[in-house]
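# Descriptive analysis of the structure
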Amino acid sequence: MTPRHLVMLAVLMSLLAPPSRAQEADVPLAGALHRVWGLDEGLPQSSALALTQSLEGHLFVGTQEGLARFDGNTWTVLDQAAGLPCEEVVALTSTPDGAVWAGTAGCGLVRIAQGAYRRL
């Protein structure tokens, strides 16, 4: 993937990203939940390259060794063995139709929807 393609991918991902809101400034952070996830908790690698949250509320984490989906209790690794065409996920976004788009190093864009992977 050329640098030009990466720039185009970054622009596309930022345009497709749903709006998000920061926590209100007057809300104290006391008692805020803090968790650390790594290999022992089910991630394919301990370094996250990209994050997004799907409409269903799943947290997706892109790593150099695959994509991981967290349902609030369990991590599921989505890698080549699970059908993902490339494992290094460098960009993620979710869309209003419920799909998650992954920008990969080597395979371009991959659309993930209803358990199916479609490489563009």
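Quick caveat: nothing in here was measured; it's all calculated off a predicted structure. (Residues numbered from 1 in each chain as written. Predicted model: local features only at pLDDT ≥ 70, side-chain atom pairs only at ≥ 80, totals over all residues. Heavy atoms only, no water.)

Here we come to the nonpolar core. The tendency in soluble globular proteins is for nonpolar side chains to be buried side by side. Ala50, Phe60, Leu67, Leu78, Leu84, Val89, Leu92, Val100, Ala102, Val110 and Ile112 form the largest nonpolar core, which has 11 residues in total. Among the elements of the structure, β5 (89–94), β6 (100–104) and β7 (108–113) are those that each provide at least two residues to this core. Discounting residues that sit within four places of it in the chain, Phe60 has contacts with Ala50, Leu51, Thr52, Ser54, Leu67, Ala68, Arg69, Leu78, Leu92 and Val100. (Core = buried A, V, L, I, M, F, W, Y, C linked by side-chain atoms within 4.5 Å. Buried < 20%, exposed > 50% of the residue type's maximum accessible area, 1.4 Å probe, protein only. Helix = DSSP H or I, 4+ residues; strand = E, 2+ residues; numbered from the N terminus. Contact = heavy atoms within 4.5 Å.)

Further remarks concern the packing of aromatic side chains. Evaluated as defined, the whole model comprises three aromatic pairs. Ring pairing ties together the aromatic residues Trp37, Phe70 and Trp75, which thus form one cluster. (Phe/Tyr/Trp six-rings, centres within 6.5 Å; stacked < 30°, edge-to-face > 60°.)

What follows is about the confidence of the model for the protein chain. Do not read the predicted coordinates in detail wherever pLDDT is low. Per-residue confidence for the protein chain gives a mean pLDDT of 82; residues scoring 70 or more make up 78%. Looking across the protein chain, the model is least confident in helix α1 (residues 3–16), with a mean pLDDT of 69, and most confident in β5, with 94. (pLDDT = per-residue confidence, 0-100.)

Quantified by volume, the largest pocket comes out at close to 250 Å³. Forming the boundary of the largest pocket are 16 residues, of which Gly98, Ile112, Ala113, Gln114 and Gly115 lie nearest the centre. Broken down by class, the residue content of the lining of the largest pocket amounts to eight nonpolar, five polar and three charged. (1 Å grid on protein atoms, 1.4 Å probe; cavity = no way out; pocket = protein on both sides within 12 Å on 5 of 7 lines; lining within 4 Å. Points joined across faces, edges and corners; volume = space filled by probe spheres on them. Nonpolar A, V, L, I, M, F, W, Y, C, P; charged D, E, K, R; others polar.)

On to the environment of Val36. Here Val36 lies in the loop between α1 and β1 (50–53). Residues Val36 and Ser46 lie 10 residues apart in sequence; the distance between their C-alpha atoms is 9.8 Å.

Let's shift gears to the state of the cysteines. Taken as a whole and judged by the stated rule, the model has one disulfide. A sulfur-sulfur separation of 1.7 Å characterises the disulfide bridge that pairs Cys86 with Cys107. Where Cys86 bonds to Cys107 through sulfur, the torsion about that S-S bond is close to 55 degrees, and the disulfide is right-handed. Of this pair, Cys86 sits in the loop between β4 (75–78) and β5 while Cys107 is found in the loop between β6 and β7, placing the two residues 21 residues apart along the sequence. Since its relative accessible area comes to 9%, Cys107 is described here as buried. (Disulfide = S-S within 2.5 Å.)

The strand order across the open sheet built from four strands is β1-β2-β3-β4, with neighbouring strands paired in antiparallel fashion. Strands at the two margins of the open sheet, each flanked by one partner only, are β1 and β4. Averaged over neighbouring strand pairs, the angle between their axes works out to 20 degrees when direction is ignored. (Pairing = 2+ DSSP bridges. Axes fitted to C-alpha atoms, helices over the stretch in contact; angles between N-to-C directions.)

A separate point is the pairing of strand β8 (residues 116–119). Inspection of the sheet shows β7 paired to β8 by four bridges, in the antiparallel sense. Across the sheet, the residue bridging to Ile112 is Tyr117, located in β8.

A few words now on the pattern of salt bridges. Oppositely charged side chains can pair when the atoms bearing their charge come close. For the coordinates displayed, the defined rule picks out one salt bridge. Among the ionic pairs, Asp97 bridges to Arg111, the shortest N-O distance being 2.8 Å. One end of the pair, Asp97, is in the loop between β5 and β6; the other, Arg111, is in strand β7, with 14 residues separating them in the sequence. (Salt bridge = Lys/Arg side-chain N within 4 Å of Asp/Glu carboxyl O.)

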